[in-house]
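Analysis of the macromolecular model
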Amino acid sequence: MREDMGQKKLFVNTMGCQMNVYDTGQIQQRMAPLGFEPTEDLAKADVIIVNTCAIRAKAEQKAFSFLGRLLPYKEQKPELIIAMGGCVAQQEGHKVLSRMPHVDLVFGTHAIRRLPQLIQKIAATRCRIVDVEMASAIASDDFMLGHASSSDVATFVTIMRGCDNYCTYCVVPHVRGRESSRTPDEIISEIEHLVAHGVREVTLLGQNVNSYGKKEGFCSFAQLLERVDRVNGLARIRFTTSHPKDLSEELMLAFDRLEKLCPHIHLPVQSGADAVLRRMNRRYTSRQYRDKVAMLRSIRPDIAITSDIIVGFPGETEEEFSATLHLIDQVGFDGLFAFIYSDRPNAPAVRFDNKIGETEKKKRLQSVLNRQEILTQKKNEALTGSIQQILVDGLSKHLSYDADERLVADALEGVQWSGRTGTNKIVHFMQAPQNDDWNQMLTGRIMQIMIEKAMSHSLWGRPLS
Ligand code: 5AD
Ligand code: SF4
């Protein structure tokens, strides 16, 4: 890569959820006017930012261990600025500076817009700064128009931040603050801007999209989706996450009405036992959850439903855990993310009695994973022989390149591409090359694929068009 004189390099390590992926894009955009361009080489970086996640203890440990490994870089290059951002930064604040003497800046989840000034101040004075100030509402200059790299076919758009639900295990309300929404006009402008840069699919992000705009009196989330659906050039819309208690009939009906809305919903259930759901402060019963699933399926029979499960919540009995396994069988999820309960500071469950031992929690996690693996395989097998529309997101990752970074492909067989169905399943297929411009050829196109084989995590198919 060309080394511009005066060009500075920014390395960002993004940990955690999609919200952090979006925030990293915002960080890069904010830093660009200061002359920073992204690098993937730590040794070349002038500023290193670790965008952290606090959802489970393991994620937090990973953040600190990565920061620890940066010490030799600082010793080599004392002018290097090392910053911690994201949820752990928000949670730990000043404590990070004493624990990590080589860290210059700790900036919280609401401080991204102030990042350029903070970095400039540190570069000029070599001071150390902690900025974990939080605001109750989104300010007009909190977000910049979304950024898309030339290869992005699908990208995220944050529509709201924070959470007011206070599930008893969850750190999010404490590290992302109160729920607050961006204006519909700002969101639409951002999506139009992304589409103009080649994006075909957007995923609207919020901790609880169902309460979008309620506080501010903007419009309902379903009405926002309707506006997004009208954006010319956009092919697909997804959103995440939806709280089951707030999933409205209006939103469910949008799956039937809106042409671009993909038939997939991520609807975290967390547990199948009502007593556990009560202790988690989820405010729905397992019956109410299943009723919503039934309604979704009656409105949109092909809808894929995925979920999150926490195993080993404090006091979870064998019987309560069995209720979760039972719910998994009853619902038949298309995919499941399962997590071992982890104590988080500030989350009320940290003080709950009857904590479950690590060995038992691991055993329960394995049971959930085993159960779901069989179900996912079955769901995938049911698709063999069907024709699926997929949005091609590029070449499959495990392809090999020669010394000149040219793709090594068998000219007869073609190269392997991948994309996703509307139901969010990964599909791989081969396509014989037709010209030299591999990426231009299919990326971003909707293709009809005949599914020929089902694997546990993806599908294999043959292009029809
Ligand atoms: N321990 C384990 N899993 C958690 N999650 C949130 N907080 C915790 C915790 N303390 C899981 C939930 C949530 C997902 C994003 O992470 O399942 O839906
Ligand atoms: Fe956490 Fe519950 Fe809010 Fe989700 S809805 S972010 S689990 S408090």
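See the structure printed just above.
About the criteria used
Residues numbered from 1 in each chain as written. Chains lettered and ligands numbered in written order. Predicted model: local features only at pLDDT ≥ 70, side-chain atom pairs only at ≥ 80, totals over all residues. Heavy atoms only, no water. Helix = DSSP H or I, 4+ residues; strand = E, 2+ residues; numbered from the N terminus. Buried < 20%, exposed > 50% of the residue type's maximum accessible area, 1.4 Å probe, protein only. Contact = heavy atoms within 4.5 Å. Areas by Shrake-Rupley, 256 points an atom, 1.4 Å probe, with all protein chains shown as cover. Lys, Arg positive; Asp, Glu negative; His and termini not counted. Charge placed at Lys NZ, Arg CZ, Asp CG, Glu CD. Near = heavy atom within 4 Å. Polar contact = N/O pair within 3.5 Å; in protein donor to acceptor, adjacent residues only side chain to side chain. Nonpolar A, V, L, I, M, F, W, Y, C, P; charged D, E, K, R; others polar. Pairing = 2+ DSSP bridges. Axes fitted to C-alpha atoms, helices over the stretch in contact; angles between N-to-C directions. Expected span 1.5 Å × (residues − 1). Arc of directions from axis to C-beta. Phe/Tyr/Trp six-rings, centres within 6.5 Å; stacked < 30°, edge-to-face > 60°. Lys NZ or Arg CZ within 6 Å of the ring centre and 35° of its normal. Right-handed = clockwise from strand over helix to strand, strands pointing away.

**Section: the overall build of the protein**
When its secondary structure is counted, the protein shows 15 helices and 19 strands. Within the protein, the proportion of its 465 residues that are buried is 54%. For the protein, the share of sequence-separated contacts (at least 6 apart) that also reach a separation of at least 24 residues comes to 72%. In the structure as shown, the protein presents an accessible area of about 21200 Å², 51% of it carried by carbon and sulfur atoms. Of the side chains in the protein, 58 bear a positive and 57 a negative charge, and the two mean positions are spaced by 4 Å.

**A word on the site of ligand 1**
Near ligand 1, the surroundings consist of Ile55, Arg56, Tyr169, Gln270, Asp308, Ile310, Phe339, Ile340, Tyr341, Ser342 and Arg344. Here a nitrogen atom of ligand 1 and a backbone polar atom of tyrosine 169 are 3.0 Å apart. Aspartate 308 is positioned such that a nitrogen or oxygen atom in its side chain is 2.6 Å from an oxygen atom of ligand 1. For ligand 1, whose free accessible area comes to 410 Å², the fraction covered by protein is 86%. Elements supplying a minimum of two residues to the shell around ligand 1: β13 (304-311) and β14 (335-340). Residue classes in the shell around ligand 1 are distributed as six nonpolar, two polar and three charged.

**Brief notes about the site of ligand 2**
Surveying the vicinity of ligand 2 reveals the residues Cys163, Asn165, Tyr166, Cys167, Tyr169, Cys170, Val172, Pro173, Gln207, His243 and Arg282. Taken together, the residues of the shell around ligand 2 break down into seven nonpolar, three polar and one charged.

**Topic: the sheet that holds strand β10 (residues 201-205)**
The three strands lie next to each other as β7-β10-β11, forming an open sheet whose pairing is parallel. Looking at the sheet topology across the chains shown, the edges are occupied by β7 (154-158) and β11 (236-240). Each strand of the sheet is rotated relative to its neighbour by a mean of 25°, with strand direction disregarded. With five bridges joining them, β7 and β10 adopt parallel strand pairing. Within β10, the position partnered with threonine 158 by the bridge is leucine 205. Sheet strands touched by helix α1 (residues 18-31): β7, β10 and β11. Its angle to β7, the strand with the most contacts, is close to 90°.

**Thoughts on helix α12 (residues 286-299)**
For α12, spanning 14 residues, the distance from its first C-alpha to its last is 20 Å, which sits close to the expected 20 Å at 1.5 Å a residue. Of the residues making up α12, those classed as buried are Ser286, Tyr289, Val293, Leu296 and Ile299. The arc that holds the buried residues of α12, viewed along the axis, is 150°, so those residues lie on one side. When the buried face of α12 is taken as reference, the exposed residues oriented beyond 90 degrees from it are Arg287 and Ser298. Where α12 is buried, its residues touch α10 (249-257), β12 (264-266), α11 (274-279), β13 and α13 (318-331).

**Remarks on the packing of aromatic side chains**
Considering all chains together, one arrives at ten aromatic pairs under this definition. The interplanar angle of 85° and the centroid separation of 6.4 Å between the aromatic rings of tyrosine 169 and phenylalanine 313 together place this pair among those described as edge-to-face. Separated by 144 residues along the polypeptide, tyrosine 169 in the loop between β8 (160-161) and α7 (172-176) and phenylalanine 313 in the loop between β13 and α13 bring together distant segments of the chain. No difference in accessibility class separates tyrosine 169 from phenylalanine 313, as the two residues are buried. Grouped by ring-pair contacts, the aromatic residues Tyr169, Phe313, Tyr341 and Phe352 constitute a single cluster. The ring of phenylalanine 339 carries arginine 56 above its face, with NZ or CZ at 3.7 Å from the centroid.

**Let's talk about the pairing of β10**
The element β10 is largely enclosed, with a buried count of five among its five residues. One ladder, built from five bridges, connects β10 with β11; its direction is parallel. Its bridge partner being in β11, glutamate 201 is matched across the sheet by arginine 236. In this region the chain leaves β10, passes through helix α9 (residues 221-229) and returns to the parallel neighbour β11; the handedness of that crossover is right-handed.

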